[in-house]
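# Commentary on secondary and tertiary structure
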Amino acid sequence: YEISVRDWSSDVCSSDHEVGQIFHCGGDTRFFPKDRAAYRAVHLDGPLNVLQTIDHGQGVRFHHVSTAYVAGRRNGTAFEDESAVGQSFRNPYERIKLETERTIRSACESRGIGLSIFRPSIVIADPRAPNADWADPISIRFAGFARLCGLYKRTIGRLRMLRPSLRIRGCGTSALNVVPVTYVVESMLAIAGNGGTSPGTFHLVDPTPPRNQELLDRITEILRLSGLQPFEHRQRSDRRASCRERV
């Protein structure tokens, strides 16, 4: 896809209405961009251009959407008041989002602007509020997985004499933390609309995400399937797979 970059700062300045709160949701969610300069411009220059249009003491509150994955590659609990703690990163996206947080925080402090940073986990479509214009990699993969399960059920799954199994790559004890887009938007608006909430950083995540095995069991129950098994791609069998296992 292509990214269209537009400078919205002129719109903020020319608005006939008083601006009290600004939500910055723009960004490039590709993990490994080809054009690093354009990537930095989208994440860093965009919000800074907007902040430069705000006068000191104007009373504007700036809301920036980041990601919970600024925590990077680390163990244990990542807290909202933590930023750079020596973590490494899985991809440039995590790194640039943390750099953006720190840059925006410094700019807001120097200009006396209240700042809220929202850190959602993986944002997916909400089936309760379908949107034809919304597409994210996780929802697309879930839809593809559902089609694969249906195909399996109609074909190989009928060969009961083989007792076939459909192996799904992944660790059954791990968890994928996803949140519907409507939850993220409603949470942001609720926090922004609460006058008693001080500016700060807010994790918008699932506090108790289900394990992959639980999700697989639920999918199996809904689709009335059997034989679905998770496996880690690093696992290697000490013996050669049989013909039935390869099928």
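Conventions adopted
- Residues numbered from 1 in each chain as written.
- Predicted model: local features only at pLDDT ≥ 70, side-chain atom pairs only at ≥ 80, totals over all residues.
- Heavy atoms only, no water.
- Core = buried A, V, L, I, M, F, W, Y, C linked by side-chain atoms within 4.5 Å.
- Buried < 20%, exposed > 50% of the residue type's maximum accessible area, 1.4 Å probe, protein only.
- Helix = DSSP H or I, 4+ residues; strand = E, 2+ residues; numbered from the N terminus.
- Expected span 1.5 Å × (residues − 1).
- Phe/Tyr/Trp six-rings, centres within 6.5 Å; stacked < 30°, edge-to-face > 60°.
- Arc of directions from axis to C-beta.
- Contact = heavy atoms within 4.5 Å.

### A closer look at the nonpolar core
As a rule of thumb, soluble globular proteins bury nonpolar side chains together. With twelve residues, the main nonpolar core is built from Ile-22, Val-50, Leu-51, Ile-54, Val-60, Phe-62, Ile-104, Ala-107, Cys-108, Ile-113, Leu-115 and Ile-117. Where this core is concerned, the elements lending two or more residues are helix H2 (36–51), helix H3 (92–111) and strand E3 (114–120). Formed by eight residues, the second largest nonpolar core is a distinct cluster that contains Val-65, Phe-118, Met-188 and Leu-204.

### Brief notes about helix H6 (residues 212–223)
For H6, with twelve residues, the first-to-last C-alpha span of 16 Å sits near the 16 Å given by 1.5 Å per residue. Directly after H6, the chain includes Arg-224, whose backbone phi takes a positive value near 55 degrees.

### Points about the packing of aromatic side chains
Counted according to the given criterion, the structure contains two aromatic pairs. Seen in terms of ring centroids, Phe-31 and Tyr-93 are 5.8 Å apart; in terms of plane orientation they differ by 40 degrees. Their pairing is tilted. Remark: Tyr-93 occurs in helix H3 and Phe-31 occurs in the loop between strand E1 (21–24) and H2; sequence separation between them is 62 residues. What makes Phe-31 partly exposed here is its relative accessible area of 45%.

### What about helix H5 (residues 181–193)?
Compared with an ideal rise of 1.5 Å per residue, which puts 13 residues at 18 Å, H5 spans 18 Å between its outermost C-alpha atoms and is within 8% of the ideal. Within the sequence span of H5, burial applies to Val-184, Ser-187, Met-188, Ile-191 and Ala-192. The buried side chains of H5 occupy one side of the element, clustering within an arc of 125 degrees when seen end-on. The outward face of H5, more than 90 degrees from its buried face, is lined by the exposed residues Glu-186, Leu-189, Ala-190 and Gly-193. The inward-facing, buried residues of H5 contact E1, strand E2 (61–65), E3, strand E4 (122–124), strand E6 (178–180) and strand E7 (201–204).

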